[in-house]
Amino acid sequence: MADPMHQFQIHKVVDLPTVNLPGLGVVDLSITNSVVSMGMAAGLICVFFALAARQAVVPGRLQSVGEMLYSLVDDLAGSIIGHEGKVFFPFVFTLFSFILAMNFLGMFLVFTATSQLAVTVTLAMLTILTVIVVGFARNGLGFFKLFVPSGVPWFLLILMVPIEIISFLVRPVTLALRLFGNMIGGHVVLKIFAGFIISLGLLATGGGIASLGYLGSAVSLGSVVALTALEFIVAFLQAFVFAALTCVYLNDVVNLHSH
Amino acid sequence: MANETTQTHESTGADGHASGGGLPQFQFVWWPGQVVWLLLIFVVLYVLLSKLFLPRVGGTIQTRADKIAADVAQARDLKTQAEAESATALAELAKARTHAQRTASEAKAKANAEAATRQAAEEAVLAEKLAVAEDRIRVSRDAALGNVRTIASDIAAAITDKLTGVAATADEVETALTAAKA
């Protein structure tokens, strides 16, 4: 059977010289298949909106889809963060559309950028650093009130504050691992079942009782079709969940006074 | 050169996995490149979306909402205007109707009056003619009645003459007629 992990293997597509970035050290900026995948996702979004962002009062199909995505994230940011959601809407929308495009491209191409831990960790760190920067910019040192729930007796605070700090620190980890785990899991399962189709089919050619392999092969094929549908849902859902959690975390620091 | 390195990496990756190695995601040699490129692409995408595409989409949605609101407001205005005009039209209609009724009744009264005067005039003429006719009849009758007496006296004189052979005087006949009449 083909190695189900082979699809996650990164390899260079275009070799570029290493660059010495300040603070990061020497970085190999070669274009890998992962970078190609990210670039294609970003390009796809740009092409989509170049076509969809028409200004017709009566929208066409593509424009309707574009406006639907816009409204989806706009409502999300508005309902969670409140009227200040407008400020963070472009950031949340960029996260959402970028992850969505990478997830969907993974359904059509052999490589899924969001199944790379490096990608999800970067996105999670980007989000949480934005939250921290916004938190300090809005509240100054009042940011630390985030870890001190109001209306709690002092002896409970001894217990609560460490829990709050840990829960905050765990946020980027869960954010990164949730997306990574969903993507890698789905694609591995797809690959394994697809492998079963071939291996069981080959086994069945042996004849005799092994002919039952054809049945197993057919069941595997059905599973792959069903799982592919499921993976499309997961691809959308995970992008949405990432955007929603980003809004929730931003809301914590934007509306800290009412926390 | 590039191909060779790629091949090497792929083979080591596959080998590493076959001997129970970790996921390809944990080959940290690929991390810095991915992180830097991801941040680069993300920033470009963020700038493009926030400065170019999202304002356009949002503007279109806002324009549509404004247009719908304006159209609804305009429709409401037109409706109230139409209602006002309809009320005016109804009032004018009512006014015209009363006016028409008044004119009609006036015309009728005038016609009646004219008819009455004409009838009165006709009746006067007729009455006059009738009176003249009655006068004439009376004169004729009186004349006729006057003649009757002369005829009677003549006849009486003639009869007396025939029966007696003596001609009666006019006074005797006159006396006898007066007595007979009484």
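Reading the values: the criteria
- Residues numbered from 1 in each chain as written.
- Chains lettered and ligands numbered in written order.
- Predicted model: local features only at pLDDT ≥ 70, side-chain atom pairs only at ≥ 80, totals over all residues.
- Helix = DSSP H or I, 4+ residues; strand = E, 2+ residues; numbered from the N terminus.
- Buried ≥ 20, exposed ≤ 12 C-beta atoms within 10 Å, placed from the backbone.
- Rg over C-alpha atoms; globule rule 2.2 N^0.38 Å.
- Contact = placed C-beta atoms within 7 Å.
- Nonpolar A, V, L, I, M, F, W, Y, C, P; charged D, E, K, R; others polar.
- Axes fitted to C-alpha atoms, helices over the stretch in contact; angles between N-to-C directions.
- Left-handed = near helix turned anticlockwise from the far one by under 90°.
- Core = buried A, V, L, I, M, F, W, Y, C linked by C-beta atoms within 7 Å.
- Expected span 1.5 Å × (residues − 1).
- Bend = angle between axes of the 7 residues up to and from the residue.
- pLDDT = per-residue confidence, 0-100.

Undergrad: So what exactly am I meant to see when it comes to the overall build of chain B here?
TA: Scanning chain B for helices and strands turns up three helices and zero strands. In chain B, the succession of helices and strands from N to C terminus is α-α-α. Relative to its full complement of 182 residues, chain B shows a buried share of 8%.

Undergrad: Explain the overall build of chain A here, please?
TA: When helices and strands are counted, chain A shows six helices and four strands. Shown N-terminal to C-terminal, the secondary structure of chain A runs as helices and strands in the order β-β-β-β-α-α-α-α-α-α. Against the compact-globule benchmark of 18 Å for 259 residues, chain A has a radius of gyration of 23 Å, which places it well outside the compact range. Its C-alpha atoms give chain A principal-axis dimensions of about 75 × 55 × 45 Å.

Undergrad: Sorry if this is basic, but what is going on with the interface of chain B and chain A here?
TA: Often, the extent of an interface is quoted as the loss of accessible area on bringing the components together. Tallying the contact residues gives 40 residues for chain B and 41 residues for chain A. Sorting the residues of the side of chain B that touches chain A by element identifies helix H1 (2–18) and helix H2 (31–164) of chain B as the ones contributing at least two each. Counting residues per element, the side of chain B that touches chain A draws most heavily on H2(B), which supplies 27 residues. Its residues assigned to classes, the side of chain B that touches chain A comprises 24 nonpolar, 12 polar and four charged.

Undergrad: Please clarify how the packing of helix H4 (residues 117–139) of chain A against helix H5 (residues 154–204) of chain A should be interpreted in this entry.
TA: The relative placement of two packed helices comes down to the angle between their axes together with the axis-to-axis distance. All names here are of chain A. Put simply, H4 and H5 touch, their axes get as near as 8 Å, and they point 145° apart. Crossing hand, H4 versus H5: right-handed. Between H4 and H5, the contacting residues are Leu117, Thr120, Val121, Ala124, Met125, Thr127 and Ile128 on the first element and Arg171, Pro172, Leu175, Ala176, Leu179 and Phe180 on the second. Here the residues of the contact of H4 with H5 sort into 10 nonpolar, two polar and one charged.

Undergrad: Before we go on, may I ask you to explain the nonpolar core in this structure?
TA: The nonpolar side chains of soluble globular proteins are, as a tendency, buried together. Of all hydrophobic cores here, the largest spans 62 residues; its most connected members are A:Val92 and A:Ile99. Elements supplying a minimum of two residues to this core: helix H1 (33–52), helix H2 (61–81), helix H3 (85–108), H4, H5 and helix H6 (213–254) of chain A together with H2 of chain B. Looking at this core element by element, the count peaks at 12 residues for H3(A). Setting aside anything within four residues of it in sequence, one finds A:Val92 in contact with A:Val73, A:Ala77, A:Ala243, A:Thr246 and A:Cys247.

Undergrad: Mind showing me how you'd approach H3(A) here?
TA: Owing to its 3.6 residues per turn, the α-helix brings residues three or four apart onto one side. Residue and element names in this part refer to chain A. If you check H3, its first and last C-alpha atoms are 33 Å apart, about what 24 residues at 1.5 Å a residue would give, namely 34 Å. The axis of H3 is deflected most strongly, by about 30°, at Phe91. When you tally the buried positions in H3, you get 18 out of 24 residues, the bulk of the element.

Undergrad: How should I be thinking about the environment of A:Gly181 in this particular structure?
TA: All names here are of chain A. With respect to the secondary-structure elements, Gly181 resides in helix H5. Residue class for Gly181 comes out partly exposed when judged on the 15 C-beta atoms lying within 10 Å of it. For Gly181 and Ser30, which are 151 residues apart along the polypeptide, the C-alpha to C-alpha distance reads 26 Å.

Undergrad: Sorry if this is basic, but what is going on with the packing of H1(A) against H2(A) here?
TA: All names here are of chain A. Where H1 contacts H2, the two axes come as close as 8 Å, and the packing angle between them is 115°. Seen along the crossing, H1 lies across H2 with a hand that is left-handed. Along its contact with H1, which presents Phe48, Phe49, Leu51 and Ala52, the element H2 presents Leu62, Gln63, Val65 and Gly66. Of the residues belonging to the contact of H1 with H2, the class tally is six nonpolar, two polar and no charged.

Undergrad: Whenever I open this one, the environment of B:Gly33 confuses me. Can you help?
TA: Structurally, B:Gly33 is set in helix H2. In this view, B:Gly33 contacts A:Val27, A:Asp28, A:Leu29, A:Ser30, A:Thr32 and A:Val35; residues no more than four positions away in its chain are not counted.

Undergrad: Help me out: how do you make sense of the confidence of the model for chain B in this one?
TA: Parts of the prediction with low pLDDT should not have their coordinates interpreted in detail. Residue and element names in this part refer to chain B. Looking at chain B, pLDDT values average 85 and 88% of them are 70 or higher. H1 is the least confidently modelled element of chain B, averaging 40 in pLDDT, while H2 averages 92, the highest of any element. pLDDT under 50 marks residues 1–20. Its contacts with residues more than four places away, or in other chains, come to 17 contacts.

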